[in-house]
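Residue-level listing of the chains:
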Amino acid sequence: KILQTAVQTKPFAQLQRELKQKGNTVYLNELVGGALSFYLAAAVAKTAGLHIVVAEDRDAAAYAMNDLYALLDEKRVLFFPSAYKRSVLYGREDAESIVMRTNTMNAIKSLTAGDYLVVCTYPDAIAEKIVASQTLEEQKIRISRGDRVDIADLVEELESQGFVRVDFVYEPGQYSVRGGIVDIFSYSESRPYRLDFFDDEVESLRRFEIANQLSSDRLESIDIIGNINRAESRNSSFASFVGEGANYWFYVAD
């Protein structure tokens, strides 16, 4: 309801008209504090689609994301950081950041008409090469409850994508097999999946907590994605991956 305050103003009506004209560049002037996030959120809620928020740096992008969390559906506001701990120059990858990048990219490609998605990021992050959209779809392993899947074939596919077999999974890129139970930690999730098989039929799909091994929810289908940050996979730009339909919002310092 608070967003209605912005929707009812004359400047917002003008902003809406401009957003409908693809290719336009609009400068929002005299917005103080969190006012930009306020009007941005109102526009997102009205226009739907994909919105890329480019802040000055990682910290500024995180602040913008927190503002939008309070104004929009938190599940539709994602963060796209650099894949590296400090800088790409040092070459030290950060597993948590890779998970966030993979989750965001998968969400972008899964966005359906009429829904919205907001991606908060910054120049260093979107300057890094990423996997092409088609490659992401080709490497994705989709499994639904009731599917018939040979565990040996699934293991072979996981190995081909760089997954490592362990006794118990605790970080992305790992999987384990214990009889008819297969645990897989996809790079697109913050918690691992547990697949229960009855012979070759997928009887149940669940996420579970690493600390206590307890299941947190039951799922109808899952997408398993390996480490798409591998050098041989990265040959596309962020803009190419996103496509032409996105709206970009730049936080410009005075």
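Figured I'd write up the structure that's included with this text. Since the model is a prediction, treat every value here as computed from it, not as a measurement.

Of the regular secondary structure elements, the protein chain holds 9 helices and 14 strands. Restricting to contacts in the protein chain with at least 6 residues of sequence separation, those with at least 24 account for 64%. In the structure as shown, the protein chain presents an accessible area of about 13900 Å², 48% of it carried by carbon and sulfur atoms.

All chains considered together, the criterion is met by 14 salt bridges. A single network of salt bridges, built from pairs that share partners, joins Asp73, Arg76 and Asp115.

Now for the sheet that holds strand 2 (residues 77-79). On the basis of which strands lie adjacent, the open sheet formed by 4 strands has the order 2-3-1-14 and parallel pairing. Looking at which strands have only one partner, the edges of the open sheet turn out to be strand 2 and strand 14 (247-250). For this sheet, the mean inter-axis angle between neighbouring strands, taken without regard to orientation, is 20°. Of the pairings in the sheet, the one linking strand 1 (residues 49-54) to strand 3 (residues 116-121) comprises 6 bridges and is parallel in character. Bridged to Leu50 within strand 3 is Leu117. Packing of helix 3 (residues 35-47) onto the sheet brings it into contact with strand 1, strand 3 and strand 14, and relative to strand 1 it is tilted by some 160°.

Taken N-terminus to C-terminus, the directions of helix 2 (residues 10-19) and helix 3 make an angle of 55°; their axes are 11 Å apart at the nearest point. Judged by the inter-axis angle, helix 2 sits oblique to helix 3. Helix 3 is crossed by helix 2, and the crossing has right-handed handedness. In this structure, helix 2 uses Phe12, Leu15, Gln16 and Leu19 to contact helix 3, whose residues at the interface are Tyr39, Ala42, Ala43, Lys46 and Thr47.

This paragraph deals with the side chain of Thr121. Secondary-structure assignment places Thr121 in strand 3. When its relative accessible area of 0% is taken as the criterion, Thr121 is described as buried. A polar contact is formed between the side chain of Thr121 and the backbone oxygen of Phe80, at a distance of 2.8 Å. Apart from residues no more than four positions distant in its own chain, Thr121 is found in contact with Ile52, Val53, Val54, Ala55, Ala61, Phe80 and Ile126.

Take the sheet that holds strand 11 (residues 215-219) next. The pairing of strands in a sheet comes from backbone hydrogen bonds and takes either a parallel or an antiparallel form. If you walk across this open sheet you meet the 6 strands as 6-7-8-9-10-11, and the pairing is mixed. Edge strands, defined here as strands with exactly one partner in the open sheet, are strand 6 (164-165) and strand 11. Pairing geometry for strand 7 (residues 174-178) and strand 8 (residues 181-184), over 4 bridges, is antiparallel. Following the sheet pairing, Tyr175 is matched in strand 8 by Ile184. The strands touched by helix 8 (residues 151-160) are strand 6, strand 7, strand 8 and strand 9 (193-198); relative to strand 7, the strand with the most contacts, the crossing angle is about 160°.

What counts, and at which threshold
- Residues numbered from 1 in each chain as written.
- Predicted model: local features only at pLDDT ≥ 70, side-chain atom pairs only at ≥ 80, totals over all residues.
- Heavy atoms only, no water.
- Helix = DSSP H or I, 4+ residues; strand = E, 2+ residues; numbered from the N terminus.
- Contact = heavy atoms within 4.5 Å.
- Areas by Shrake-Rupley, 256 points an atom, 1.4 Å probe, with all protein chains shown as cover.
- Salt bridge = Lys/Arg side-chain N within 4 Å of Asp/Glu carboxyl O.
- Pairing = 2+ DSSP bridges.
- Axes fitted to C-alpha atoms, helices over the stretch in contact; angles between N-to-C directions.
- Parallel < 35°, antiparallel > 145°, perpendicular 65-115°, else oblique.
- Left-handed = near helix turned anticlockwise from the far one by under 90°.
- Buried < 20%, exposed > 50% of the residue type's maximum accessible area, 1.4 Å probe, protein only.
- Polar contact = N/O pair within 3.5 Å; in protein donor to acceptor, adjacent residues only side chain to side chain.

So far we have only geometry, and geometry alone does not tell us how the molecule works.
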